[in-house]
Amino acid sequence: MSIAENYRRLREEIPDHVTIVLAAKTRTAAEVSEAIEAGATDVGHNYVQEAESMHDELGNLASRVRWHMIGHLQKNKINKVLPVVDTIQTVDSIVAAEAIDKRVEAAGKSTVDILIEINSGGEVSKSGLGADYDAVEQVARGVATLPHLRLCGLMTMGPFLDDPEDMRPYFRTTKGIFERLREKMIPRTNIQTLSMGMSDSYRVAIEEGGTMVRLGTIVFGPRSYA
Ligand SMILES: *Cc1c(COP(=O)(O)O)cnc(C)c1O
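Residues numbered from 1 in each chain as written. Predicted model: local features only at pLDDT ≥ 70, side-chain atom pairs only at ≥ 80, totals over all residues. Heavy atoms only, no water.

Can you break down the pattern of salt bridges residue by residue, with the values?
The tally for this structure, following the rule as stated, stands at 13 salt bridges. Linking R66 and D42 is a salt bridge whose minimum nitrogen-to-oxygen distance equals 2.9 Å. Placement of the pair is R66 in strand β3 (residues 66-69) and D42 in strand β2 (residues 42-45), with a sequence separation of 24 residues. Among the salt bridges present, the one from E207 reaches R168, with a minimum N-O distance of 2.6 Å. You can see E207 sitting in helix α8 (residues 202-207) and its partner R168 sitting in helix α7 (residues 168-183), a full 39 residues away along the chain. For E207, a relative accessible area of 55% corresponds to the exposed category. Since its relative accessible area comes to 16%, R168 is described here as buried. Counted as one network, the salt bridges with shared partners bring together E165, R168, R172, E207 and E208. (Salt bridge = Lys/Arg side-chain N within 4 Å of Asp/Glu carboxyl O. Helix = DSSP H or I, 4+ residues; strand = E, 2+ residues; numbered from the N terminus. Buried < 20%, exposed > 50% of the residue type's maximum accessible area, 1.4 Å probe, protein only.)

Pulling in residues and values, what's your account of the site of the ligand?
As a matter of local geometry, the ligand sits amid A23, K25, N46, I70, M157, M198, S199, R214, L215, G216, T217 and R223. At 2.9 Å from a nitrogen atom of the ligand is found a side-chain nitrogen or oxygen belonging to R214. One of the side-chain N or O atoms of R223 is found 2.8 Å from an oxygen atom in the ligand. Notes on the ligand: free accessible area 390 Å², of which the protein chains cover 92%. Tallied by class, residues from the shell around the ligand come to five nonpolar, four polar and three charged. (Near = heavy atom within 4 Å. Polar contact = N/O pair within 3.5 Å; in protein donor to acceptor, adjacent residues only side chain to side chain. Areas by Shrake-Rupley, 256 points an atom, 1.4 Å probe, with all protein chains shown as cover. Nonpolar A, V, L, I, M, F, W, Y, C, P; charged D, E, K, R; others polar.)

Residue-level account of the nonpolar core, with values.
In this structure, I14, L58, I88, I100, I114, L149 and L154 are the most contacted members of the largest nonpolar core, which totals 69 residues. Looking at this core element by element, the count peaks at six residues for helix α6 (residues 133-144). Residues contacting I114, with those up to four places away along its chain left out, are I88, V91, I100, V143, L149, R150, L151, C152 and G153. (Core = buried A, V, L, I, M, F, W, Y, C linked by side-chain atoms within 4.5 Å. Contact = heavy atoms within 4.5 Å.)

Listed below in structure tokens is the structure:
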């Protein structure tokens, strides 16, 4: 099946309240434009360099979709990424949030949307904040005080496990933190987005309350690297 057919089939299958973010790493601008022409609304990048060049190559088409940073963001790349993204999904500390906040205006924007990344599997190899509610609330309250950031929710990867069913507990834990945080109604936040689930696991993630899935392989086919 073509990229366009894959996207349309997934959009039919996935409930309307769940946003599909295309995970575009290693894909060409032609591949991503095919998905946008088929109706894709959101595109995610892991690497700042890829986000920048794809933004340039897509030209007018780029402004038809929302752009997300879904990879770990190094401090020295913040200035470059801000002009080309609407949401940064990988904030995991107050220090990181402050570093972004300070640079938003210079990038010609008033605000950028933020998700706090939760390392729900507690893996040393992954970034993200541990799945400890109090620590997450503390970072959330910190982000909420920063004038150029708008906290919109949480993101998690979870461990890579062969059986997506085994990822359910990690998604459930993240959803629990999300709900508790939302109930706090922290001023200046808009906590509505729970970004979890990839090609193998999106069904389980949606069952567990995810409102945003990040899909690469299932739309574009296997990657040759990364
Ligand atoms: C690559 C990637 C995805 C999508 O992975 P697939 O298995 O190809 O769907 C989702 N989220 C992040 C952060 C990624 O890096």
